[in-house]
Amino acid sequence: MQIQSHIGKISWTLANRSLYFLYFFVLLVQINVLKPADYGLFELLRNLNIWMLGLTDSLILQGLIQFGMIEEERGKVNTITLILYSAILISVSILIYFLKDSLSILFNEPNLVNMAMNLPLLTFLSIPRNYIIKLLWRDYLLSKVFLIDLIYFLSMTILTFYYILNYQNLNFQLMVNILLIGTASSSIIAILLAYKKLEFSFIGAFSIKKLFGYGTPLMLQGIFHSLTKYLDVFIVQYFFNTGTVGIYSLTKNLYRFFDDAISTVYGLIFPATVKKFVQSNREEIFAIMTKSVSFTFVIFLILVIILQVGLSEYLITTFLPEKYYATIVQFNVALIGAIFLPFLLLTAIITASGKTQITMIFSIISAVISTVGFVFIGIINNSDLIPIGIILYNLSMAILTYIYVKKNYGFPINMIFRFLYDSKEFLKNFFKRVK
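1. Observations regarding the overall build of the chain
And then number 1: Across its full length, the chain carries 16 helices and zero strands.
And then number 2: Relative to the 2.2 N^0.38 estimate, which gives 22 Å for 435 residues, the radius of gyration of the chain is 22 Å and therefore close to what a compact globule would have.
And then number 3: Within the span of the chain, comprising 435 residues, buried residues form 53% of the whole.
And then number 4: Intrachain contacts of the chain at a sequence separation of at least 6 include 83% that bridge at least 24 residues.
And then number 5: Carbon and sulfur atoms provide 69% of the accessible area of the chain, an area that totals close to 19500 Å².

2. Some thoughts on the pattern of salt bridges
And then number 1: Taken as a whole and assessed by the stated rule, the structure comprises five salt bridges.
And then number 2: Note that Lys-134 and Asp-57 form a salt bridge whose closest N and O atoms lie 3.3 Å from each other. Note that Lys-134 is positioned in helix 5 (residues 112–138) and Asp-57 in helix 2 (residues 36–66), a separation of 77 residues in sequence.

3. Here's the deal with the packing of helix 5 against helix 6 (residues 142–167)
And then number 1: Direction vectors running N to C along helix 5 and helix 6 enclose 155°, while the axes themselves pass 8 Å from each other. By the angle between their directions, the pair helix 5 and helix 6 is classed as roughly antiparallel. Helix 5 and helix 6 meet at a crossing whose hand is left-handed. When helix 5 is examined against helix 6, the residues Arg-129, Ile-132, Ile-133, Leu-136 and Trp-137 are found in contact with a partner set consisting of Leu-142, Lys-144, Val-145, Ile-148, Asp-149 and Tyr-152.
And then number 2: For the contact of helix 5 with helix 6, the class distribution of residues is eight nonpolar, no polar and three charged.

4. As for the side chain of Ser-186
And then number 1: With respect to the helices, strands and loops of the structure, Ser-186 is situated in helix 7 (residues 172–194).
And then number 2: When near neighbours in sequence (up to four residues on either side) are disregarded, Ser-186 contacts Arg-129, Ile-148, Ile-151 and Tyr-152.

5. Considering the packing of aromatic side chains
And then number 1: A complete count under the given rule lists 19 aromatic pairs for this structure.
And then number 2: On the basis of an interplanar angle of 90° and a centroid distance of 5.3 Å, the ring pair of Phe-21 and Phe-25 is categorised as edge-to-face. With a gap of four residues between them, Phe-21 and Phe-25 both fall in helix 1 (residues 7–32), about one helical turn apart.
And then number 3: Three or more aromatic residues joined by ring pairs make a cluster, and in this case those are Tyr-20, Tyr-23, Tyr-152 and Phe-153.

6. With respect to the packing of helix 14 (residues 356–380) against helix 15 (residues 388–408)
And then number 1: Between helix 14 and helix 15, the shortest axis-to-axis distance is 8 Å and the interhelical angle comes to 155°. The angle between helix 14 and helix 15 falls in the class roughly antiparallel. Helix-helix and strand crossings are classified by hand; for helix 14 and helix 15 the assignment is right-handed. The segment helix 14 lies against helix 15, with Ile-358, Thr-359, Phe-362, Ser-363, Ile-365, Ser-366, Ala-367, Ile-369, Ser-370, Gly-373, Phe-374 and Ile-377 engaging Ile-388, Gly-389, Ile-390, Leu-392, Tyr-393, Ser-396, Met-397, Leu-400, Thr-401 and Tyr-404.
And then number 2: Its residues assigned to classes, the contact of helix 14 with helix 15 shows 14 nonpolar, eight polar and no charged.

7. What about the side chain of Ser-155?
And then number 1: With respect to the helices and strands, the residue Ser-155 is situated in helix 6.
And then number 2: Looking at Ser-155, its side chain comes within polar contact range of the main-chain oxygen of Ile-151, at 2.8 Å.
And then number 3: Residue contacts for Ser-155: discarding those within four places in its chain leaves Ile-181, Gly-182 and Ser-185.

8. A short note on helix 6
And then number 1: Over its 26 residues, helix 6 runs 37 Å from end to end, which matches the ideal 38 Å to within 8%, given 1.5 Å per residue.
And then number 2: In the stretch just after helix 6, Gln-168 is the one whose phi turns positive, near 65°.

9. Regarding a nonpolar patch on the surface
And then number 1: The grouping of Ile-302, Ile-306, Leu-311, Tyr-314, Leu-315 and Phe-319 at the surface amounts to a nonpolar patch, some 540 Å² of accessible area in total.
And then number 2: On the secondary structure map, Ile-302 appears in helix 11 (residues 282–319).
And then number 3: Judged by its relative accessible area of 46%, Ile-302 falls in the partly exposed class.

10. Quick look at helix 12 (residues 327–338)
In an α-helix, one turn spans 3.6 residues, which is why side chains three or four residues apart end up on the same side.
And then number 1: Along its 12 residues, helix 12 runs 16 Å from first to last C-alpha, staying within 8% of the 16 Å computed at 1.5 Å per residue.
And then number 2: Most of helix 12 is tucked away, with 10 of its 12 residues classed as buried.
And then number 3: Thr-327, Ile-328, Gln-330, Phe-331, Asn-332, Val-333, Ala-334, Leu-335, Gly-337 and Ala-338 are the residues of helix 12 that are buried.

11. Digging into the nonpolar core
And then number 1: If you look at the biggest cluster of nonpolar residues, it comprises 130 residues, and the most contacted ones within it are Met-115, Phe-258 and Phe-411.
And then number 2: Examining the composition of this core, we find that 15 residues originate from one element, helix 2, more than from any other.
And then number 3: What Met-115 contacts, discounting residues up to four positions off in sequence, is Leu-41, Leu-44, Leu-45, Leu-48, Phe-172 and Phe-234.

12. Side note on the confidence of the model for the chain
And then number 1: Averaged over all residues, the pLDDT of the chain equals 87, while 93% of them reach at least 70.
And then number 2: Model confidence for the chain, summarised as mean pLDDT per element, is weakest for helix 16 (residues 418–434) at 60 and strongest for helix 7 at 96.
And then number 3: Low pLDDT, under 50, characterises residues 1–5; the predicted model gives this stretch six contacts beyond four residues in sequence or across chains.

The rules we used
Residues numbered from 1 in each chain as written. Predicted model: local features only at pLDDT ≥ 70, side-chain atom pairs only at ≥ 80, totals over all residues. Heavy atoms only, no water. Helix = DSSP H or I, 4+ residues; strand = E, 2+ residues; numbered from the N terminus. Rg over C-alpha atoms; globule rule 2.2 N^0.38 Å. Buried < 20%, exposed > 50% of the residue type's maximum accessible area, 1.4 Å probe, protein only. Contact = heavy atoms within 4.5 Å. Areas by Shrake-Rupley, 256 points an atom, 1.4 Å probe, with all protein chains shown as cover. Salt bridge = Lys/Arg side-chain N within 4 Å of Asp/Glu carboxyl O. Axes fitted to C-alpha atoms, helices over the stretch in contact; angles between N-to-C directions. Parallel < 35°, antiparallel > 145°, perpendicular 65-115°, else oblique. Left-handed = near helix turned anticlockwise from the far one by under 90°. Nonpolar A, V, L, I, M, F, W, Y, C, P; charged D, E, K, R; others polar. Phe/Tyr/Trp six-rings, centres within 6.5 Å; stacked < 30°, edge-to-face > 60°. Polar contact = N/O pair within 3.5 Å; in protein donor to acceptor, adjacent residues only side chain to side chain. Expected span 1.5 Å × (residues − 1). Patch = residues over 30% accessible without salt bridge, like charges linked within 9 Å, V, L, I, M, F, W, Y side chains within 5 Å. Core = buried A, V, L, I, M, F, W, Y, C linked by side-chain atoms within 4.5 Å. pLDDT = per-residue confidence, 0-100.

Laid out in structure tokens, this is it:
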């Protein structure tokens, strides 16, 4: 895998992720004028929406990439995936809306009714944005993905400062308005940018049965994976309160840098890995596997050490109000889990080989272990240790995935430091050319 041949894709991907990084500072502004309870309620809504989108992504949109690689099938693949994606999301959001009173009683939070009432509109507005972004990723049109996310974050940034200037603070409903307008704006620009790619037909051999056969194990995997990534806030709500959800959500948003980095790398290597499996190019598969894991592992390890020795405390006390200082301990605990994240990239190899049931089983095992951890922390009522659930999931998933990949594809443990060796060789060759 020659990095030079992917510079354009990597550049646009990094530019896109820089938007998430820049918006993080807008989030800090929002948090400074938000009560932890309001922020917690907003994060319950946002995480529920992301959970729904994630599951349908696994069930439907991964198939958009997998089967859409065949040119003559694209029209039918696009049609079937869009219809099913929309129908499932809208149906689930409406169901949750009708269950709003029961949910508020179960989680001992009356304001969950307001959360459920906003969910259907947010879901509806999210469909064009998420569907088209996946379609553009399939064809590596990453400059257009960047523009869609630019509009998304820019509109929310403008509205954030507009509300603060006019109201001097933010609350749950104002945060919802910001999210709705940002989602609607990016969906509109997505349709305008990708309308030539929106080819639809019912001609072809592709079938719903084929789609579900591929996507169902991925969705089942996603259900369990999401327990620690999105639905964990509901476990926290059940055992603690909305204010604690706000503190934990801030911890997760700080930790999100590592999750987003892994998602970015995964998004880059998955289509390439599928292609190499089609070509039966085992050498390239090994290169993709070892380089991606090694690169992220070395970078993550350095960052975790720096943050643990005092940088995280300095940043939180400098940029956040005292009401959020409880995040310091939680974030330092969560950082331990980031060390194991790079090994989760190996699931791309397993998925691309078509053995999605393997990653499904690994996710189930890891999720059960993680959920037990979350529940145990809830029972002992120690909010500082809530992120242990994240650590347990990442650790379990890393161990299981590495053992499988090492056995079936070969991955010597010393390869996690391949990035250092490759960098040394690159610099050596670079200075030779300079001389």
